[in-house]
Every structure is written in C-alpha cells, then in structure tokens.
Amino acid sequence: MSHSRPRPDEEAGAPTPDDETAPLIHNPSTATTTGHKKRGFPTAIAVPKPVSYLASSVLTLFFASIAIYILITGLNAHNLPDKDLQSHLVRATHGAVASDVDICSQIGVSVLKDKNGTAVDAAIATALCIGVIVLYSSGIGGGGFMVVRHANGTSQSVNFREMAPGAAYRDMYNHDPKLAQRGGLAVGIPGEVMGYYTAWQMYGRVPWAELFEPAIRLCEDGFAVTPFLRRTMEIEKEWVMGTNRSQWGFLFTPDGGRMLEEGETMHRPALGRTLRKIAETGPEGFYKGEVARSLARFVRSEGGILTVEDMGKYHVEVNDTLKVWAFGQEILTCPPPCSGPVLIEGLNIAEGLDMSKDESGLATHRIIETMKWISAGRTELGDPRDFNVSNVARVAEIQSKQFAAMVRRNISDTRTYGWKHYNPSYEFKESHGTSHLSVLDAEGMAVALTTTVNLYFGARICDPETGVILNDEMDDFSIPGTGNAFKLQPSIYNYIKPYKRPLSSTAPTITVYNGYPSLIVGASGGSRIVTSVFLAFIKIFKWNYSLLDTVHSPRVHHQLIPEVAYVEHGVRNDVIQGLKERGHEVEELPTIGSVMQAVLRLPDGEIHAVSDFWRKGGVSQKFPL
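- For the protein chain, an unreviewed UniProt entry supplies the name Glutathione hydrolase and the organism Dactylellina haptotyla.
- One UniProt comment on the protein chain, placed under Function (unreviewed entry), says "Cleaves the gamma-glutamyl peptide bond of glutathione and glutathione conjugates."
- Note on the protein chain: under the UniProt heading Sequence similarities (unreviewed entry), the record states "Belongs to the gamma-glutamyltransferase family."

Encoded structure:
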C-alpha cells in the first residue's frame, strides 16, 4: 500500500488559468522611493468561518498562536504615515543585517564593520543576542536551520534541528500528547551551539570567543525589556507568576514580587556564565562536561529522558542546498526536515500562473490555491535520515516542473475545493514560534538563519545552573493514534525515533541573480512561515514590490486545514468578495502571525534591509553605519 500523496489528476470543470484574460490583482497606490509601485490590499471586512468540531484540534493550536501574536504586537501594522514607513527601510552599500531586535542587528553590523567578519560571523553574533533577549522563541536550548551562499557561488544548508533523545520511542506520548509540549519529556537534544560552531568552522573569520562577547555582556550588564518581551510575559502572566523563581527569577524584580516592566533592566547571569564557557572551550563546553551534566540532570528531574550521552551524540547535518530556477532567479533553500521542498513546489506552481492582475480577487485566489497545495505537500515531509520510511523520490517529484504543471491543471479560476482535492497524505502538523534573521556582507556572502525553541518559552523549564531555556521540539513529531476528525492519520515520515529530527515549518531562503545574492529572506510564525516566504516572492518578483512594501503590506494565508483563508487587515473589499464568491471561507485578522526579516540587493548594487517592525518590532542595520 502506498503512503504517498496521489498525483493530481486533471479534473473536469477545473479550467486551466487563461494568462491572456486574467484580471487585475491590485490598484497601484503611491510610488516608493525605489521607483517600484507601492501596491496593497486596502481594507475589507470578512465573515468569520464557524468553528467546526472536525477541525477543533487544529483550530485550537492555530488560534492560540494567532491570539498571542495579536496581543503581543498591539499595533495597527498597515496604517503608518508614509514618512514613518520609510524610516524602517535601511539602505546600504556594503552589507546589512535584518533581525527581530535593534541592538542585535547593531551587533551583527559591528561584526561586519569593526571586526571584518563574514556574514556567518555576523549571523552567529546576532543570533546569540536574539537568544538572550527574544528568550521566549529562541536560544541555545533550541535549534534551527542556516542557509549560506558563499561569494564563490557555492551554497550549503546547515541543519542544527534538535534530535530526539536516545530513549525516545514512537508511542511515548500516546497516553498524553500534552507531555510533548511542556516539561522535561518535551525536550529534544539542543542543536544551536553545534550548528553555529559548524558554520563558523566553514565560513567564519572572527575568533569564536569574540562572537560571544556582546551576548555575554547583555547577560551580565543587563538589557532593557523590549515591548514585545513584556507583552509576551503579560500574555503568559498566569504561568509566569506561578513559575519557580529559582528557574525564572530573571523575569522578576530582585525581590521576586512582580514581573519586570518594559524598559526595566533584565539580567541573565547564569546564561552569561554558560555562554562564556562555550566561548572559551567551543561546543565541548556545552555538549560535554558540567553544562551537559547539569542540563541532563535538570531535564530528568523535570520528568525527561535526556542524558549526558545524548548531548555527546548530537551532530549537525551539512547538505547542499535545494536549488530551482524560477521567477528569473536561482533559488536556494534547505532540504527536509525543513519545509524548503514545498516552498519550491509552490514557486514552481506560481511561476506558470498569471499573478499580474487581481480584479475580483483572481490572483489572490490563485495564491491561496497554491498555498493549499503547499500545505498538502508538507504532510509528506520528514527527516530523510529515517531510512525505514524514506520517500526521497516523492519529495523530489513534488519539486519538479512537471508536478507543478499537473497541479496547475487542478486549479480552477472560478472555485475552490474541499481539502480532499489537494490530496494530503497525512494529518497537518501545526507548528509554532521562531526567530529569523538575514545577513549580507560586503564580499557577497549571504546567510538566512531561522532558530526556535518551539512554543513560547519552549518546554517552560529553565535550568537554574546554566540559565538555558529548554525547547519543546518533541511536539513537532507526529504522534500515532492521534489522527484528526478529517480521518487523516499522523505522518509515518514524522514518527519519533531515537536521534531523529522532527519536521520543521522553517524555510530560510536565498535567491541569486547574475551571480550575486539578490534576496535573503525567511520568517517566523510556525505554519505561516512557508506561505509568507512564498507570498514575498510573488510580491517582489511578480508584482514588483519594493522590499519595504513586501514586508509591511498585508498578508494572506491558507494551510488547507482548517478550511479558512486568513487575510490581514488592509485586504481590499473586492478581493475579499471575490474569494467568497469562489467558495472560500474568509477570516480577517490584525495579523496572521508571521514575522519576516529580509535583505534585498538591487540590480544597481544598492542593498535594502527591512525588519518586521509592524509585527514584532524588528529593526535592521546597515554597513557602513
């Protein structure tokens, strides 16, 4: 019996889009200073979809993450005066860093400018800073993916995704799936430290210890609580106030009486000591010795199975990037268990669709239909190193131009379809928060880096000896016996196995044009990551958006299940109406919950960098300053 998603077959009544007659997608508004037309989705009101019992489990996860994003951001992202909007565009001549936090972007640029560092050096220093400050979604207790494109034209994907401990087994959460989300049993072997060291050995130039100094100083001297950190603490207030102060005391005033307020100084001395040990001794300072013993001892005291031996067995996978030619660009992204293959699937599909016009929402309909195929494709991904259930050939097939052509024959311009039309093989696995940063240096090296501890505050346990907040990445595996009410079963490709890596929604990506990196992009936001990166390609390469408009303008999202098209405030009324007339259930939200950081090199060599200030307060920095 085949476990593969069936090939799409041309369906009667599903006309092939007619490129000659496709209607307009947007009304151009004011021009930006780059000369690109600024186009947007002006305001609309949508009718919410009734919550179905069938989709309740997926909806609960999806809306919980969306609600937190909305409450954390607290911003009307799309109604800033033009002069304020332009202030978030960074123009550079030598290089740039785009991240979630201003001071972290500054640290990255300082590595480029003052230490003659490479883009990888800058990315590591920036990411270490992010792990200190954006502690609810990133840090050395987690893992991630890095895509690097060297100036000599070679490219690599560095996979430092967390691994299941050696005692993990397929059915370990069958009796209580929530144990995969909170507490010691949720913890996978952290990969971030080894990932950074591996990338540094390949591409770094600044001494390893020097990359850690800025983050260590932040831990020791303190940093101002950012608006977004404070809002996250407020959203999680009930949990925060009930935490063990020996673990989470740094979130509070010295007497432990109240949570720190925005602008007050937070110190993380225990983490600072751990970072210094890693700086002085390399990854052995984390994966062996007292830090490893402390982490294993602590996780086991919290009900987990992590051992010192597990820590010592962690290893990084370095692979060639996935490559495809689309939209006039060479596109480089990460292989499984990253979601790069389905990004390529979507780009190949979209390349053959006329996205230039959106009269009555036609192009937006085509975008959403492509997103539904992307989401169906994600159900077939997993760790390719699990050779017992490997589907390498199938994953290669969905990245092909031939597969994209078959899919296009199944996209109707007049209607959408129920989820079965898109042939998902298994249930959709909802994933959670992350942090992304993008870097370009003066020599042309580019880095797209996405890190995560999964849910906010990871497994919600922090080792008091090391100051490390542990991930809950075991929740990203599929759990047998938890098939959803759509009768879709958990993916065999993503079942737990010792030292296996779970499926990831991340999609750090670099494009190359005329031999130079042209776009370095990625996002955070769980299941919204790959659709947001996909939409960025449409905006830049199909609609000629500037980078500023690409990041700032409203987004749309569909993940197949639940059967709802989500649109951000600012989408035009006629677009919304056109989607409804084609059978889409539409729900409008202040934000769909994705946060993007990107760097764009224009054909004339000017570099633009934009961080998603509107959704998470990010600020980019340039070199020279």
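Read on, since the account is not over.
### Here's the deal with the environment of Arg205
Part 1 of the argument: The residue Arg205 is located in the loop between helix H5 (192-203) and helix H6 (208-221) in this model.
Part 2 of the argument: Among the residues examined, Arg205 registers a relative accessible area of 39% and is labelled partly exposed.
Part 3 of the argument: For the pair Arg205 and Ala119, spaced 86 residues apart in the sequence, the C-alpha separation amounts to 9.6 Å.
Part 4 of the argument: Dropping the residues within four chain positions of it, Arg205 is found in contact with Asn116, Gly117, Thr118, Asp121, Trp200 and Glu443.
Part 5 of the argument: Polar contacts involving the side chain of Arg205 include one to the main-chain carbonyl oxygen of Asn116, which spans 2.9 Å.
Part 6 of the argument: Reaching out from Arg205, the side chain makes a polar contact with the side chain of Glu443 at a distance of 3.1 Å.

### Digging into the packing of helix H3 (residues 102-114) against helix H4 (residues 119-133)
Part 1 of the argument: Where H3 meets H4, the closest approach of the two axes is 8 Å, and the angle between their N-to-C directions is 155 degrees. Here H3 lies roughly antiparallel to H4, going by the angle between them. In this structure, H3 meets H4 at a crossing whose hand is right-handed. Here Ile103, Cys104, Ser105, Ile107, Gly108, Val111 and Leu112 of H3 come into contact with H4, specifically with Ala119, Asp121, Ala122, Ala125, Thr126, Cys129, Ile130 and Ile133.
Part 2 of the argument: Among the residues forming the contact of H3 with H4, the class breakdown is 11 nonpolar, 3 polar and 1 charged.

### A few points about the UniProt feature "active site" (unreviewed entry) in the protein chain
Part 1 of the argument: Residues annotated in UniProt with the feature "active site" (unreviewed entry) correspond here to Thr434.
Part 2 of the argument: You can see Thr434 is positioned in the loop between helix H17 (401-408) and strand E12 (435-440).
Part 3 of the argument: By relative accessible area, which is 4% here, Thr434 ends up buried.

### Section: the nonpolar core
Part 1 of the argument: Within the largest apolar cluster, 88 residues are counted, with the highest numbers of intra-cluster contacts made by Met146, Met266, Leu275 and Phe286.
Part 2 of the argument: Those residues in contact with Leu275, other than ones at most four positions away along the chain, are Leu128, Val132, Ile140, Phe212, Ala215, Ile216 and Cys219.
Part 3 of the argument: Judged by nonpolar contacts, the second largest core, of 68 residues, contains Ile411, Tyr545, Val586 and Val610.

Thresholds applied
- Residues numbered from 1 in each chain as written.
- Predicted model: local features only at pLDDT ≥ 70, side-chain atom pairs only at ≥ 80, totals over all residues.
- Heavy atoms only, no water.
- UniProt positions renumbered as here; feature names shortened; annotations may be inferred.
- Helix = DSSP H or I, 4+ residues; strand = E, 2+ residues; numbered from the N terminus.
- Buried < 20%, exposed > 50% of the residue type's maximum accessible area, 1.4 Å probe, protein only.
- Contact = heavy atoms within 4.5 Å.
- Polar contact = N/O pair within 3.5 Å; in protein donor to acceptor, adjacent residues only side chain to side chain.
- Axes fitted to C-alpha atoms, helices over the stretch in contact; angles between N-to-C directions.
- Parallel < 35°, antiparallel > 145°, perpendicular 65-115°, else oblique.
- Left-handed = near helix turned anticlockwise from the far one by under 90°.
- Nonpolar A, V, L, I, M, F, W, Y, C, P; charged D, E, K, R; others polar.
- Core = buried A, V, L, I, M, F, W, Y, C linked by side-chain atoms within 4.5 Å.

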